[in-house]
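Structural features, examined
Listed below are the residues making up each chain.
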Amino acid sequence: MDLYRSHVMVCGGTGCTSSGSVELIRLFEEGIGQAGLEKEVRVVRTGCFGLCEMGPIVIVYPEGAFYARITPENVDEIVQEHLLKGRIVKRLLVSDAVKEDDTIKSLDEVDFYKKQKRVALRNCGVVDPERIDEYIAFDGYKALAKALTEMQPQEVIDVVKASGLRGRGGAGFPTGTKWQFTRNAVGDKKYVCCNADEGDPGAFMDRSVLEGDPHAVIEAMALAAYAIGADQGYIYVRAEYPIAVKRLQIAIGQAREYGLLGKNILDTGFDFDLDIRLGAGAFVCGEETALMNSIEGKRGEPRPRPPFPANKGLFGKPTVLNNVETYANIAQIILNGADWFASMGTEKSKGTKVFALGGKINNTGLVEIPMGTTLREIIYDIGGGIPGGKAFKAAQTGGPSGGCIPVSCLDVSIDYDSLIEIGSMMGSGGMIVMDEDNCMVDIARFFLDFTVDESCGKCPPCRIGTRRMLEILERIVEGKGEEGDIEKLETLAKNIKAAALCGLGQTAPNPVLSTLQYFRDEYEAHIYEKRCPAGHCKSLLQYTIDEEKCTGCSLCSRICPVGAISGEVRKSFTIDQSKCIKCGACMEKCRFAAISRK
Amino acid sequence: MSIDRNGKGKAKFDQLQAFIEEMRLEPGALMPVMQKAQEIFGYLPEEVQRFVAEGLGVTLSEVYGVATFYSQFVLEEQGEHVIGVCMGTACYVKGSQAILDRLAGELKVEVGKTTPDGKFTLNATRCLGCCGLAPVMMIGDEVFGRLTPDDIPGIVAKFR
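Within any chain, residue numbers begin from 1 and follow the written order of that chain's sequence. Throughout, the order in which chains and ligands are written sets their labels, letters from A for the former and numbers from 1 for the latter. Predicted model: local features are reported for residues with pLDDT of at least 70 only, side-chain atom pairs are reported and counted for 80 or more only, and whole-chain, interface and lining totals are derived from all residues.

Brief notes about the overall build of chain A
Scanning chain A from terminus to terminus reveals 23 helices and 18 strands. Throughout, the radius of gyration refers to the C-alpha atoms, and the reference size of a globule is 2.2 Å times the residue count to the power 0.38. On C-alpha atoms alone, chain A measures out to a radius of gyration of 27 Å, which is about the 25 Å that the 2.2 N^0.38 rule sets for 598 residues. Counting only C-alpha atoms, chain A reaches 90 × 65 × 40 Å along its principal axes. The buried share of chain A, reckoned over its 598 residues, is 55%. Sequence-distant contacts, at least 24 apart, represent 71% of the contacts inside chain A between residues at least 6 apart. Only DSSP runs of H or I with at least four residues qualify as helices, and only runs of E with at least two residues qualify as strands; both kinds are numbered from the N terminus onward. Counting other C-beta atoms within 10 Å of a residue's own tells you its class, since 20 or more makes it buried, 12 or fewer makes it exposed, and anything in between is partly exposed; those C-beta atoms are placed from the backbone. The contact criterion used is a C-beta to C-beta distance within 7 Å, with each C-beta placed from the backbone.

A word on the overall build of chain B
Per the secondary structure count, chain B includes seven helices and four strands. Helices and strands in chain B line up, N terminus first, as α-α-α-α-β-α-α-β-β-β-α. Contacts in chain B between residues at least 24 apart in sequence constitute 58% of all its contacts with a sequence separation of at least 6.

Focus on the packing of helix α7 (residues 153-163) of chain A against helix α10 (residues 214-228) of chain A
All names here are of chain A. Angles here are taken between N-to-C directions and fall from 0 to 180 degrees, while the axes themselves are lines fitted to C-alpha atoms, restricted in helices to the stretch in contact. Across the interface, α7 lies against α10 with an axial gap of 7 Å and an inter-helix angle of 120°. Taken together, the axis directions place α7 and α10 in an arrangement best described as oblique. Remark: the crossing between α7 and α10 carries left-handed chirality. Residues P153, V156 and I157 of α7 form the contact with α10, whose own contacting residues are L223, Y226 and A227. Of the residues in the contact of α7 with α10, the class split is six nonpolar, no polar and no charged. Throughout this description, any angle smaller than 35 degrees is read as roughly parallel, any larger than 145 degrees as roughly antiparallel, any in the 65 to 115 degree range as roughly perpendicular, and the remainder as oblique. The crossing is said to be left-handed when, going from far helix to near helix, the turn is anticlockwise and less than a right angle, and right-handed when the turn is clockwise. Residues are sorted three ways: Asp, Glu, Lys and Arg are charged, Ala, Val, Leu, Ile, Met, Phe, Trp, Tyr, Cys and Pro are nonpolar, and all the rest, Gly among them, are polar.

Regarding the sheet that holds strand β9 (residues 319-323) of chain A
Residue and element names in this part refer to chain A. The strand order β7-β8-β6-β5-β9 describes an open sheet built from five strands, whose pairing is mixed. Where the open sheet ends on each side, the last strands, each with one partner, are β7 (262-265) and β9. Across the sheet, the axes of successive neighbouring strands diverge by a mean angle of 25°, strand direction being ignored. For two strands to pair, DSSP has to find at least two bridges joining them.

Remarks on helix α6 (residues 142-150) of chain A
All names here are of chain A. Of all the positions in α6, only A143, L144, A147 and L148 are classed as buried. Mapping the buried residues of α6 onto a view down its axis gives an arc of 125°, with all of them on the same face. In α6, the exposed positions that point more than 90 degrees away from the buried face belong to T149 and E150. Each element contacted by the buried residues of α6 is listed here: α7, α10, β7, β8 (270-278) and α13 (324-336). This arc is taken over the directions from the axis of the helix to the C-beta atoms.

Side note on the domain arrangement of chain B
The parts lose accessible area when they come together, and the size of an interface is often stated as this lost area. Splitting chain B by domain gives domain 1 (10-69) and domain 2 (81-159). In this document the domain limits rely on a domain assignment from an automatic tool or a database. Between the C-alpha centres of domain 1 of chain B and domain 2 of chain B the distance comes to 30 Å.

Re the environment of V94(A)
Residue and element names in this part refer to chain A. Considering the arrangement of structural elements, one finds V94 in the loop between α3 (72-85) and α4 (111-114). For the pair V94 and L37, spaced 57 residues apart in the sequence, the C-alpha separation amounts to 25 Å. For V94, the contacting residues outside a window of four places in its chain are M54, F66, A68 and V110.

What about the interface of chain A and chain B?
Taken residue by residue, the interface counts 37 residues in chain A and 30 residues in chain B. Counting residues per element, the ones that place at least two in the side of chain A that touches chain B are α1 (14-18), α12 (288-295), β10 (352-359) and β14 (430-435) of chain A. For the side of chain A that touches chain B, the per-class residue count stands at 13 nonpolar, 17 polar and seven charged.

A few points about α3(A)
Residues and elements named next belong to chain A. One less than the number of residues in a helix, times 1.5 Å, gives the span that helix is expected to have. The terminal C-alpha atoms of α3, which comprises 14 residues, lie 20 Å apart, in line with the 20 Å expected from a rise of 1.5 Å per residue. Bend at a residue means the angle formed by two fitted axes: the first through the 7 residues ending at that position, the second through the 7 residues beginning there. Bending of α3 peaks at approximately 35° at the position of I78. Within the sequence span of α3, burial applies to V75, I78, V79, H82 and L83. In the core, the buried residues of α3 are packed alongside β1 (6-11), α2 (21-34), β2 (41-46), β3 (58-61) and β4 (65-67).

Describing unusual backbone geometry
Residue and element names in this part refer to chain A. Residue P56 is bonded to the preceding G55 through a cis peptide linkage, with omega at -5°. Tracing the backbone shows P56 in the loop between β2 and β3. Cis geometry marks the peptide bond from R305 to P306, where omega comes out at -5°. Looking at the secondary structure, you find P306 in the loop between α12 and β9. Its identity as a non-glycine residue notwithstanding, A593 has a phi of 50°, on the positive side. Mapped onto the secondary structure, A593 falls in the loop between α23 (585-589) and β18 (595-597). Since 9 C-beta atoms lie within 10 Å of it, A593 is described here as exposed.

Quick notes on the confidence of the model for chain B
For chain B, per-residue confidence averages 92 on the pLDDT scale, and residues scoring 70 or more make up 99% of the total. Both confidence scores are given for the complex: pTM 0.92, ipTM 0.91. Per residue, pLDDT captures the predictor's confidence, and it can take any value from 0 to 100.

Looking at the nonpolar core
One broad rule of soluble globular proteins: the nonpolar side chains tend to lie buried together. Residue and element names in this part refer to chain A. Judged by nonpolar contacts, the single largest core of 223 residues is most densely connected at V217, M221 and L223. Considering every element that reaches this core, the biggest residue donor is α10, with twelve residues. Setting aside its immediate chain neighbours within four residues, L223 contacts A143, L144, A147, V156, I330, A331 and I334. Nonpolar core, as used here: buried Ala, Val, Leu, Ile, Met, Phe, Trp, Tyr and Cys residues forming one set through C-beta atoms within 7 Å.

Side note on the sheet that holds β14(A)
Residue and element names in this part refer to chain A. Ordered in space as β11-β10-β14-β12-β13, the five strands form an open sheet in which the pairing is mixed. Of all the strands in the sheet, the pair left with one neighbour each is β11 (365-370) and β13 (403-406). Ignoring strand direction, the axes of neighbouring strands in this sheet form an average angle of 30°. The pairing of strand β12 (residues 392-397) with β13 spans four bridges and is classified as antiparallel. The residue of β13 that forms the bridge with T397 is G403.

Some points on the pairing of strand β2 (residues 120-125) of chain B
The side chains of a regular strand alternate, residue by residue, between the two faces of the sheet. Residue and element names in this part refer to chain B. Within β2, five of the six residues are buried, which leaves it mostly tucked inside the rest of the structure. As paired strands, strand β1 (residues 81-86) and β2 are joined by six bridges and run parallel to one another. The partner of G84 across the bridge, within β2, is N123.

Re the environment of P511(A)
Residue and element names in this part refer to chain A. Along the polypeptide, P511 turns up in helix α21 (residues 510-528). The sequence separation of P511 and S557 amounts to 46 residues, and the corresponding C-alpha distance is 40 Å. Aside from chain neighbours lying at most four places away, what touches P511 is P400, G403, I443, A444, F447 and L448.

Concerning the pairing of strand β5 (residues 191-196) of chain A
Residues and elements named next belong to chain A. Counting buried residues along β5, six of its six residues qualify, which places the element largely inside the surrounding structure. Of the two faces of β5, the one carrying Y191, C193 and N195 and the one carrying V192, C194 and A196 are both buried. Direction of pairing for β5 relative to strand β6 (residues 232-237): parallel, over a ladder of six bridges. Bridging from a neighbouring strand, A196 pairs with V237 of β6. As judged from the five bridges shared by β5 and β9, these two strands associate in the parallel manner.

Right under this line is the structure:
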């Protein structure tokens, strides 16, 4: 193997690829070639570093120089200065990376990473996901070798159980227990499945693991197969994730080539192979029984449970199904032991959790924190707070099944049970931050709109109930809310939760219930005062021109797309409220701040 | 585009037939076959659904049931450029509705429909997972991030 003195790691995750990292890789390779450094410096296209907000990101080792928002114009300077002359281009580093004494901080000292602990994401941004050798160099497939040669299947399950690992898809069921059920189930054939149908809007942890470290998932699935006695696995992945699918295909191919998948793995007589199945855009397929129907090539409708998949799953056979992030922890647990894993986190929630931090936050991106970290630490210490000097209003976790966490709960410990207690849930890891400009009634409407669209239609509480809730919410944001609406929402919510067939329906009312719990005053303002406190709901807004400030320049009347503004030049203008469509164009363009919105 | 399995579309049907042969014995082959069919034809007209049903020995109603269940399968021909505006939560709280409204106005087309000249199809999509670039849209395979409504006319002009 060739040795290089320096490595240029360029993020090849979806976020950075979207902001042009492929072109950067080409330019770096070209520049390094021209400088005659191709035998000394290697360019690596890695998985996600996490700080998507500052993408495209380039990290140069051995110094660990963290370059952010790199453009094609910067490449030549980095090649000439840093790679050729050894002078780090400090101007292009992430803003807090330069210390007062003008030296640079190592990666784990940068604010964004300081409080993080990367277990599931340990290889993301470190290895080239398209080269199995790099995974192996970082202890890859060592856990599989250890299990196959030194451990009985039951011992593997015992270690996973003792670690306290719980499902990272959101519900938090103990992983080892699930494996035990499937191992105990009677069946001539068993399956291992991976849920990579990451449907929660605003969640992209699983995709980043698949893109940055696909072998971690493959190795863990082989371990699960060994533990329960399966010889075939399926990864069900969203078709919307083309880069993840491609890297998985490459990884499976390489693993087969190395004899780590297929027949007689590592000469131990253990057989296991994997296939990929693509989703086709149905949120409900994240539900385990719906997902299995979909792999079988059917409509992705959930099945009643019991029987549980552990007894009757895919093709009617005992099946273990885990989420991508759950699998990403497994090999480390086998290698480092249950105690190591259980030493992180809280009493009932062990280990770490990855969150996709998004919305109104300075550092959008992917963060992995030990369980028990507070929401405040995530938002302010890691996330860098709210942009534009605005006030934090709520953080939404758990997607359409979760809830909104208000300011009063900022010190909540992030673990499964504490989040349920305050009316939200862990979910798969989307965390969307909202500020004072976001209307909580409209957010509830947004999620119900999503659920109504994604309800599979099999059971009436979900199919009809969520639609009735949406209709009420739509009326409220349009200013047509009536007395009794809140109570109707509460009754519907209670009944849907009790009667729906699957997790989608049972949790669909949560966004409404949690916003009612913490932001009831906003609902009341919409219904009784016909006012949107956040100034978001168009039907409840009114634009007016202040006669004192208006100079009569006529700019607004020329910009208004519907001719709602009239007046005499050099005198004052007025807005005809019956014509106004509340687009806000006039207010944006007025040079005298004479137009206001109420 | 012709969808006559013996006429101009024959080469495409032959390609699909070859894939069906390859997949026939796989358990759960229907979805991969339909995904391939959509890749080949761009959409799934009745004739193609019928062909898949016959090829795999399942009923047409089963094929139609799957085709209408999943949002990825489309039954109508798509525009030359398919625009998808992300309506994931992160994009929504950062104003993607205004982006979608502006596009609908600029292209004079309803969301979910194709322009009369067949140039553009405008869709509201699920989370594209580039939340760091919110609000985001895709035109074909190209991603446009950190958008404001005023960026729209310039971007659309490049594809006209």
